[in-house]
Amino acid sequence: MSLHRRQMIQLGTLGLSSLFAGKVFSAGTKRLATGHKPIVISTWDAGINANKGAWNVLRNGGRALDAVEQGVMVTENEQSCCVGLGANPDRDGFVTLDASIMDENGNCGSVAFLERIKHPISVARRVMEKTPHVMLAGVGAQQFAVEQGFTLEDGKLSDDAKKAYEEWLKKSEYKPSANIENSKSTSFAPLRLPNGGFNHDTIGMVALDAHGNVSGSCTTSGMAFKVRGRVGDSPIIGAGLFVDNEVGAATATGLGEEVIKVCGTHLVVEYMAQGMHPEEACKKAVEKIIRRHKGGDMKDVQVGFIAINKQGEYGGYGIVKGFNYAVCYADDHNELIYAKYALP
Ligand code: SD4
């Protein structure tokens, strides 16, 4: 698979063609920005469908916050997917979900270790909007969700997840590597989907709307067959997701422990605040993770960052080969991009 394989996928939506799409040039910056507004980007192949959900909001002049919620809900709804209740369970056989959301005013909400709720991203938004808190976890998060009118689902595994879990139980190996493309570990090897793609556990999305505001979302089942109670980077603001409306936004995927240890997405946004292009900012954050390991073997570890800035420029970067993300900025432009990576 070539490094920069680009796959054009038509959105197939109607009318209102590229009403707001177009180049944005920022007079104040030294570098001539070549971005798009509105724009939405999201992690992995599943981002193509998720972007369509977000674009339905953005193309009508809607708010980035609504776009990033509705976008990732598309993925949470996909039963055979990686995210939401259809996903792989922890090592005790329970699907536990993490999610976070952040708006243009720096408001944020998240849920961690949430069980039997279909749309953790919407619960995260309720935490942000209906409580004075940022994060709810476990049974308390579930109780809050039910109080807010969310349905308590039955908690049964999807057929794909059941099969994968039964297979995993045969050896019950636990070596979280999260290198989606190259993992040799049977315990953590990603599942091939019927369409030949890879199963990923997370979708992160960041968007810039027609009004120039930025928001982001991130939702995950965490790592397959994880220790019960384990929470990754996705619900942690500044790790799996960060938004600064003066600068831009970033989200992360891959081995969450590595992302948390460097406050990954906060770092990416700070690099952009220093004037770096989003791709450069993602690259620097990846390099920081690698440096922390002082030359240790990182070939089985994947972390990918994606980011957009206020000018609508975007970028992504991974530790190793295989990380991709979807970019959408017009009715007929929803493209899967294979990110550059640090380790050959
Ligand atoms: C986690 N970052 O829980 C998530 C996992 C992930 O694709 O991104 N998987 O650590």
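Quick caveat: nothing in here was measured; it's all calculated off a predicted structure. Going along each chain's sequence as written, the residues are numbered from 1 onward. It should be noted that, the model being predicted, local features are given only for residues of pLDDT at least 70 and side-chain atom pairs only at 80 or more, the latter also being counted only at that level, while totals for whole chains, interfaces and linings use all residues. Side-chain numbers come from the whole structure's heavy atoms, not from hydrogens or water.

Lay out the packing of helix 1 (residues 47-58) against helix 2 (residues 64-77) in plain terms, naming residues and giving numbers.
Orientation is described by axes fitted as lines to C-alpha atoms, over the contacting stretch for helices, and by angles from 0 to 180 degrees between their N-to-C directions. In this description a helix means any DSSP run of H or I spanning at least four residues, a strand means any run of E spanning at least two, and both kinds are numbered starting from the N terminus. Where helix 1 contacts helix 2, the axes come no closer than 7 Å and their chain directions differ by 150 degrees. On the basis of their axis angle, the class for helix 1 and helix 2 is roughly antiparallel. In the packing of helix 1 onto helix 2, the handedness of the crossing is right-handed. Of the residues in helix 2, those in contact with N49, A50, G53, A54, V57 and L58 of helix 1 are A64, D66, A67, Q70, G71, V74 and T75. Convention used here: angles under 35 degrees read as roughly parallel, angles over 145 as roughly antiparallel, angles from 65 to 115 as roughly perpendicular, and any remaining angle as oblique. It is the rotation of the near helix from the far one that decides the hand of a crossing: anticlockwise by less than a right angle makes it left-handed, clockwise makes it right-handed. Pairs of residues are marked as contacts when any of their non-hydrogen atoms sit within 4.5 Å.

Would you mind going over the pairing of strand 9 (residues 214-220) in detail, with residue names and values included?
Here the term buried applies to any residue with accessible area under 20% of the maximum for its type, exposed to any over 50%, and partly exposed to those in between, with areas from a 1.4 Å probe on protein chains only. When you tally the buried positions in strand 9, you get seven out of seven residues, the bulk of the element. Residue alternation in strand 9 divides its side chains into two sets, V214, G216, C218 and T220 and S215, S217 and T219, and both sets are buried. Pairing analysis gives five bridges linking strand 5 (residues 97-102) to strand 9, with the strands arranged antiparallel. Residue pairing across strands places D98 opposite T220, the latter belonging to strand 9. A pair of strands is considered paired only if DSSP assigns at least 2 bridges between the two. The pairing of strand 8 (residues 202-208) with strand 9 spans seven bridges and is antiparallel. Residue pairing in the sheet places L208 in a bridge with V214 of strand 9. Counting the residues in the hairpin turn of strand 8 and strand 9 gives five residues, including G212, whose phi is positive at 90 degrees.

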